[in-house]
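Understanding the architecture of this molecule
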Amino acid sequence: MNEGTTALHLAYESEGWNVKRPEQVMEWQAEAEAKARAEDVFEVLQLRFHAELPEELVTRIRGTTNLALLKRWHAAAVTARTLNKFHQAMDA
């Protein structure tokens, strides 16, 4: 399935229906996915470093909707030796 394709859409398309997803729904789904990825980053940081995260860091992560960037930050959260190293990796 392509991104944004559901089983229902595939069923309609297989019947020859031209199914378009409303742009607003796609935006909501992208926002929800970005929020989920940001929460994944927070979870890893909190589990690994047992520290309260600086507000600047929280604001920056929550304000990011770029999924590729959030994925990179998640990997950095998993591999960084310290919270400071993670913070540095965000700008690398």
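Residues numbered from 1 in each chain as written. Predicted model: local features only at pLDDT ≥ 70, side-chain atom pairs only at ≥ 80, totals over all residues. Heavy atoms only, no water.

1. Let's talk about the packing of helix H2 (residues 23-49) against helix H3 (residues 55-62)
Using the following cut-off: Interaxial angles span 0 to 180 degrees and are taken between N-to-C directions of axes, which are lines fitted to C-alpha atoms, for helices over the stretch in contact. Numbered from the N terminus, helices here are DSSP runs of H or I no shorter than four residues, and strands are runs of E no shorter than two. When an angle is under 35 degrees it counts as roughly parallel; over 145 it counts as roughly antiparallel; between 65 and 115 it counts as roughly perpendicular; any other value is oblique. Handedness of a crossing is defined here by the sense of rotation of the near helix relative to the far one, left-handed for an anticlockwise turn of less than a right angle and right-handed for a clockwise turn. Note on contacts: a residue pair qualifies if any of its non-hydrogen atoms lie within 4.5 Å across the two residues. Any residue that is not Ala, Val, Leu, Ile, Met, Phe, Trp, Tyr, Cys, Pro, Asp, Glu, Lys or Arg is counted as polar, Gly included; the first ten are nonpolar and the last four charged.
Look at H2 against H3: their axes get within 9 Å of each other, and the N-to-C directions meet at 150 degrees. With respect to each other, H2 and H3 are oriented roughly antiparallel. Crossing handedness for the pair H2 and H3: right-handed. Contacts between H2 and H3 involve Ala38, Glu39, Val41, Phe42 and Leu45 from the first element and Leu57, Val58, Ile61 and Arg62 from the second. Residues belonging to the contact of H2 with H3 are distributed by class as follows: seven nonpolar, no polar and two charged.

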